[in-house]
Amino acid sequence: MTVAGWIKKKLAEALPFVARSPALQVAWLAEEFRKGVLDDRELAPYIHLLVSEYVGRRERGEGVEELQGIFSRLPRATVVAMVRCVEIYDVPDLLELIGVLTVEDAVLILKKVPPPYEKRSILLLDRVFQAVNSCGDQLLERAAQKMALDDDAPAHFAKAYERFREILIDEKILLMLYPQANV
């Protein structure tokens, strides 16, 4: 190992997660997924920190292309691991970063259950459904069909999904009545 490589390795080991660049944070997460030492609950806060960095940049009007570019080059296994262990609150922002989902990814997301202390769980589920729906290509419907066929949907899913479908129908009707409202 070269001296520069050794210094880089030691610096990477010594830096706390929040002091690293987004690229180094993603690289650290990918390495932790590969090692398999930490479980999903232990990795979820790190994903939250990474997603929070993205949200902060987006709100400040700074370029988020760097983070989106990093996520577009991630191996499939890392994306699946992130989807599997992300907290339900961070799902919409993570999906903005990932961009492209498979039906299996969508099923993993739709199986997430709001915590019991959540007072507005139906609104949280609406945000998650909207995030999956915005990934396009009838992904939400295909994932819901897969969950129904496999009979592995959580108890809350059917009622929340039906409610969300009604919201989508209402949106279509309103857009037909008021086309200038499509902003």
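Anything mentioned here points back to the structure above.
The structure displayed is predicted, hence computed values, not measured ones.

(A) Region of the structure containing the nonpolar core. With 50 residues, the main nonpolar core has L29, F71, M82, L110 and F129 as its most contacted residues. Setting aside anything within four residues of it in sequence, one finds L110 in contact with V128, F129, V132, L140, A143, M147, P154, H156 and F157.

(B) The arrangement of unusual backbone geometry in detail. One non-glycine residue with positive phi stands out, namely D151, at about 55 degrees. With respect to the helices and strands, D151 occurs in the loop between α9 (139-150) and α10 (157-177). Residue classification places D151 among the exposed positions, given a relative accessible area of 70%.

(C) The arrangement of the packing of helix α4 (residues 65-72) against helix α6 (residues 91-98) in detail. Across the interface, α4 lies against α6 with an axial gap of 8 Å and an inter-helix angle of 75 degrees. Taken together, α4 and α6 sit at an angle that is classed as roughly perpendicular. Facing α4, whose interface residues are L67, Q68 and F71, α6 presents L94, E96, L97 and I98. When its residues are assigned to classes, the contact of α4 with α6 shows five nonpolar, one polar and one charged.

(D) Focus on the environment of E31. Structurally, the position occupied by E31 is in helix α2 (residues 22-35). Residue E31 is classed as partly exposed on the basis of its relative accessible area of 30%. Separated by 123 residues in sequence, E31 and P154 place their C-alpha atoms 31 Å apart. At a separation of 2.4 Å, a polar atom in the side chain of E31 contacts the side chain of R34.

(E) Expanded view of the packing of aromatic side chains. Going through the model one piece at a time under the given rule, you end up with five aromatic pairs. Taking the centre distance of 4.7 Å and the plane angle of 55 degrees together, the rings of W28 and Y46 count as tilted. Taken as a pair, W28 in helix α2 and Y46 in helix α3 (residues 40-60) lie far apart in primary sequence, 18 residues in all. For Y46, a relative accessible area of 27% corresponds to the partly exposed category. Taking the centre distance of 5.6 Å and the plane angle of 50 degrees together, the rings of F129 and F164 count as tilted. Placement of F129 in helix α8 (residues 121-133) and of F164 in helix α10 is noted, with a sequence separation of 35 residues between them. We note that F129, like F164, is buried.

(F) Quick look at helix α7 (residues 103-110). By the criterion of burial, α7 is predominantly enclosed, with six of the eight residues buried. Considered for burial, the residues of α7 that qualify are V103, D105, A106, V107, I109 and L110. The secondary structure elements touched by the buried residues of α7 are α5 (76-85), α6, α8, α9 and α10.

(G) Just α3, in detail. Here α3 spans 30 Å end to end across 21 residues, near enough to the 30 Å set by a 1.5 Å rise per residue. Turning to α3, its buried residues number three or more, namely L43, A44, I47, L50, V51, Y54, V55, G56 and R57. Summarising the contacts, the buried residues of α3 are in contact with α2, α4, α5 and α6. Two residues or fewer after α3 comes G61, characterised by a positive phi angle close to 80 degrees.

(H) Region of interest: the pattern of salt bridges. In the structure shown here, the tally under the stated rule is 14 salt bridges. When the shortest N-O distance is used, the salt bridge between R34 and E31 registers 2.4 Å. With a gap of three residues between them, R34 and E31 both fall in helix α2, about one helical turn apart. Under the relative-accessibility criterion, R34 is labelled exposed at 62%. The shortest N-O distance in the salt bridge between R76 and D105 comes to 2.8 Å. Taken together, the residues span a long stretch of sequence, with R76 in helix α5 and D105 in helix α7 at a distance of 29 residues. Counted as one network, the salt bridges with shared partners bring together E53, R57 and E66.

Conventions and cut-offs
Residues numbered from 1 in each chain as written. Predicted model: local features only at pLDDT ≥ 70, side-chain atom pairs only at ≥ 80, totals over all residues. Heavy atoms only, no water. Core = buried A, V, L, I, M, F, W, Y, C linked by side-chain atoms within 4.5 Å. Buried < 20%, exposed > 50% of the residue type's maximum accessible area, 1.4 Å probe, protein only. Contact = heavy atoms within 4.5 Å. Helix = DSSP H or I, 4+ residues; strand = E, 2+ residues; numbered from the N terminus. Axes fitted to C-alpha atoms, helices over the stretch in contact; angles between N-to-C directions. Parallel < 35°, antiparallel > 145°, perpendicular 65-115°, else oblique. Nonpolar A, V, L, I, M, F, W, Y, C, P; charged D, E, K, R; others polar. Polar contact = N/O pair within 3.5 Å; in protein donor to acceptor, adjacent residues only side chain to side chain. Phe/Tyr/Trp six-rings, centres within 6.5 Å; stacked < 30°, edge-to-face > 60°. Expected span 1.5 Å × (residues − 1). Salt bridge = Lys/Arg side-chain N within 4 Å of Asp/Glu carboxyl O.

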